[in-house]
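Listed below are the residues making up each chain.
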Amino acid sequence: MLLAEDETTLRLLPPVRAAWAPRGQQAEVAISGHNAQRVLFGALNVRNGRRLLLRRAHARAADFQAFLRHLRHAHYRSGQPIWLLLDKAPCHVAAGSVALAAQLEITFLWLPRQCSELNAMDHLWRHLKGDLAANRQRPNIDSLAEQAENWILALSPQQTLCKAGLLSKNCWLKNVRTKFLPGT
């Protein structure tokens, strides 16, 4: 089972994607000084488009470890090998995270630094934020997080694989998807 893993931070104040201002003047963006956040941890099966999400308050090692437990116990039975493609975020490389992954029979496959374009889950987050979060403020952070989860889970497997870039003829995982992961 090869899964791409990544997390994204959702913030109550939306990302501003475009702002107009008179020539020579700086656009003003009002901020409240308080920007609540939630973190969505996600994993994507690179062969069939199945998604798994876990909402947390932070992206700390303990939160990532909760995601690893959720991944193993709630969705993939013990003894089934899991390979997890991920970056070297601090919560991923923490000694406790690496030890827990070994205990849960999850093998980490490290992506090169500064190569977020190689992570299929990162592409899903980009589409999510562009379609759902940009330039729109929600009533509260949990409402935004729930809508984000629903957006990801409402995609068909085909839509998911397409938005994640896994169906591209130039996808670096193309041979892995078609030759080495039958039946996953």
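Bear in mind that the values here come from a model prediction, so they are computed numbers and not experimental data.

Student: So, the confidence of the model for the protein chain: which residues are in play, and what are the values?
Tutor: Taken over all residues, the pLDDT of the protein chain has a mean of 86, while the share at 70 or more is 85%. Segment residues 179-184: pLDDT under 50, and eleven contacts once partners within four positions in sequence are set aside and those in other chains are kept.

Student: Residues and numbers for the layout of surface pockets, please.
Tutor: Over the atoms, a rolling probe the size of a water molecule traces out where space has been left empty. Quantified by volume, the largest pocket comes out at close to 220 Å³. What lines the largest pocket is Asp6, Asp87, Lys88, Leu111, Pro112, Arg113, Gln114, Cys115, Ser116, Asn119 and Asp122. Classifying every residue of the lining of the largest pocket by side-chain character gives three nonpolar, three polar and five charged.

Student: Can you explain the sheet that holds strand E3 (residues 51-56)? Please cite residues and give values.
Tutor: With mixed pairing, the five strands of this open sheet are ordered in space as E3-E2-E1-E4-E5. Edge positions in the open sheet fall to E3 and strand E5 (106-110), since each of these has one partner strand only. Averaged over all neighbouring strand pairs, the angle between strand axes comes to 25 degrees, with direction disregarded. As paired elements, strand E2 (residues 37-45) and E3 share six bridges and run antiparallel to each other. Bridge assignment links alanine 43 to a residue of E3, and that residue is leucine 52. The sheet contacts of helix H1 (residues 61-75) involve strand E1 (2-11), E2, E3, strand E4 (82-86) and E5, and relative to E3 the element is tilted by about 140 degrees.

Student: Explain helix H4 (residues 120-133) to me, using residue names and the numbers behind them.
Tutor: What sets the pattern is the α-helix's 3.6 residues per turn: residues three or four places apart point alike. For H4, which comprises 14 residues, the first-to-last C-alpha distance of 19 Å matches the rise-based estimate of 20 Å (1.5 Å per residue) to within 8%. Among the residues of H4, Ala120, Met121, His123, Leu124, Trp125, Leu128, Leu132 and Ala133 are the ones counted as buried. Each element contacted by the buried residues of H4 is listed here: E1, E2, E3, helix H5 (141-154) and helix H6 (157-163). Backbone nitrogen of methionine 121 and a side-chain oxygen of the N-cap are separated by 2.9 Å at the start of H4; the cap is asparagine 119.

Parameters and conventions
- Residues numbered from 1 in each chain as written.
- Predicted model: local features only at pLDDT ≥ 70, side-chain atom pairs only at ≥ 80, totals over all residues.
- Heavy atoms only, no water.
- pLDDT = per-residue confidence, 0-100.
- Contact = heavy atoms within 4.5 Å.
- 1 Å grid on protein atoms, 1.4 Å probe; cavity = no way out; pocket = protein on both sides within 12 Å on 5 of 7 lines; lining within 4 Å.
- Points joined across faces, edges and corners; volume = space filled by probe spheres on them.
- Nonpolar A, V, L, I, M, F, W, Y, C, P; charged D, E, K, R; others polar.
- Pairing = 2+ DSSP bridges.
- Helix = DSSP H or I, 4+ residues; strand = E, 2+ residues; numbered from the N terminus.
- Axes fitted to C-alpha atoms, helices over the stretch in contact; angles between N-to-C directions.
- Expected span 1.5 Å × (residues − 1).
- Buried < 20%, exposed > 50% of the residue type's maximum accessible area, 1.4 Å probe, protein only.
- Polar contact = N/O pair within 3.5 Å; in protein donor to acceptor, adjacent residues only side chain to side chain.

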